[in-house]
Amino acid sequence: MDKAETALLALRMRDWVSQAGAHIRHHIHDPLHVQTKSSRKDLVTNLDKQTEWDLIAAIRTEYPQAQIMGEEGSGDHVTDLKGLVFFVDPIDGTMNFVKQKYNFAIMIGAYIDGAPHVGVILNVMRQELYWGGPQLGVFKNETPIKAVSPLSLADGLFGINSGMLAYDRYHSHQLFKTSAGMRILGSAGIEYIQLLEGRQVAYLSHLAPWDVAAGRVMAETLGMSVSRLDGHPLDMLSSGDVLIATAPTVADIRAIALDQPR
């Protein structure tokens, strides 16, 4: 896509998630039908499913040839990344949505032949929209976001998956002691926003493609590293342990988490 086509794609994606967010806010206090997926802490609601259906319908109207991977299974069975591929997370942080009515996001990432192209993340309750890509730059609503300061782990806050911290995976207790502090927010989208805003220097979690896709586009555009914890490139067709961090922080984290020399 040329820049004009990419700008139109971004405009459409922004409109789709904004409409979806407005619908969720309108129905935020309606009775929910809540189900479990892999465990009692892995939830899905009727609004998750409805939001995904609506987003996929909107995508298919404008980009009928695109492939779509959706968290709740309403999209395609994507086995390759050829052409235009959308990754849809209708409500990222469903437990927060159910229990708090806050701290959850809607995310869409668009990739072309496997390359990050456009990402959008909506903080639904704050109505803050983060969007952009390598051709466009990164924005909060209409305000450009500059590259974040390259702080070290000792100087910054570190977001992490709660299970990793609880069970000391990757020496996370030592990571906690080395960092300025840890934060557990329960939503990859909200964690990504902290990184884009420069409020945190790293985020480590086990993420699915729809969790990582939108934020990866913007984080990499701003110069951050997004990879498997061991440094291998992401496989956007499978889940894995993902590290998103400012450049100076990556070596600090790997030295502790993987017992690697700096």
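All of these numbers come straight from a predicted model, not from anything done at the bench. (Residues numbered from 1 in each chain as written. Predicted model: local features only at pLDDT ≥ 70, side-chain atom pairs only at ≥ 80, totals over all residues. Heavy atoms only, no water.)

## Some details on the pattern of salt bridges
Next up, step 1: Counted according to the given criterion, the structure contains 11 salt bridges.
Next up, step 2: The partner of Glu128 in a salt bridge is Arg126, and the shortest N-O contact between them spans 3.2 Å.
Next up, step 3: Since its relative accessible area comes to 12%, Glu128 is described here as buried.
Next up, step 4: Classification of Arg126 by relative accessible area gives partly exposed; the value is 46%.
Next up, step 5: Of the charged contacts in the structure, one is a salt bridge between Arg216 and Glu220, with a shortest N-O distance of 3.1 Å. (Salt bridge = Lys/Arg side-chain N within 4 Å of Asp/Glu carboxyl O. Buried < 20%, exposed > 50% of the residue type's maximum accessible area, 1.4 Å probe, protein only.)

## Points about helix α7 (residues 209-221)
Next up, step 1: Here α7 contains 13 residues, and its C-alpha end-to-end distance of 18 Å stays within 8% of the 18 Å for a straight helix at 1.5 Å per residue.
Next up, step 2: The largest bend in α7 amounts to roughly 35° and is located at Gly215.
Next up, step 3: Residues of α7 that are buried include every one of Pro209, Trp210, Asp211, Val212, Ala213, Ala214, Gly215, Arg216, Val217, Met218 and Ala219, and no others. (Helix = DSSP H or I, 4+ residues; strand = E, 2+ residues; numbered from the N terminus. Expected span 1.5 Å × (residues − 1). Bend = angle between axes of the 7 residues up to and from the residue.)

## Re helix α8 (residues 247-257)
Since there are 3.6 residues in each turn of an α-helix, residues three or four apart along the chain are aligned in direction.
Next up, step 1: Burial analysis of α8 places eight of its 11 residues in the buried class, which makes it a mostly covered element.
Next up, step 2: Of all the positions in α8, only Thr249, Val250, Asp252, Ile253, Arg254, Ala255, Ile256 and Ala257 are classed as buried.
Next up, step 3: Immediately downstream of α8, the backbone of Asp259 shows phi near 55°, a positive value.

## Focus on the pairing of strand β14 (residues 240-245)
Next up, step 1: In terms of burial, β14 is largely enclosed, as six of its six residues are buried.
Next up, step 2: As paired strands, strand β12 (residues 202-207) and β14 are joined by six bridges and run antiparallel to one another. Note on β14: the bridge partner recorded for Leu207 is Gly240.
Next up, step 3: Relative to β14, strand β13 (residues 225-228) is paired through four bridges, and the arrangement is antiparallel. (Pairing = 2+ DSSP bridges.)

## Focus: the sheet that holds strand β11 (residues 181-183)
Paired through backbone hydrogen bonds, the strands of a sheet run either parallel or antiparallel to each other.
Next up, step 1: Strand order in the open sheet made by the five strands is β11-β10-β12-β14-β13, with mixed pairing throughout. Taken across any chain shown, the strands that pair with only one partner, and hence form the sheet edges, are β11 and β13. Each strand of the sheet is rotated relative to its neighbour by a mean of 20°, with strand direction disregarded.
Next up, step 2: Note: strand β10 (residues 157-160) against β11, three bridges, orientation parallel. Across the sheet, Phe158 pairs through a bridge with Met182, a residue of β11.
Next up, step 3: Where helix α6 (residues 188-196) meets the sheet, it contacts β10, β11, β12, β13 and β14, and its direction lies at approximately 160° from that of β12. (Axes fitted to C-alpha atoms, helices over the stretch in contact; angles between N-to-C directions. Contact = heavy atoms within 4.5 Å.)

## A closer look at the sheet that holds strand β5 (residues 105-112)
Next up, step 1: Spatial ordering of the open sheet is given by β3-β4-β5-β6-β7-β8-β9, a layout of seven strands whose pairing is mixed. Edge positions in the sheet fall to β3 (67-70) and β9 (143-144), since each of these pairs with one other strand and no more.
Next up, step 2: Bridge count between strand β6 (residues 115-123) and strand β7 (residues 128-133): five bridges; the pairing is antiparallel. By the bridge assignment, Gly119 is partnered in β7 with Gly132.

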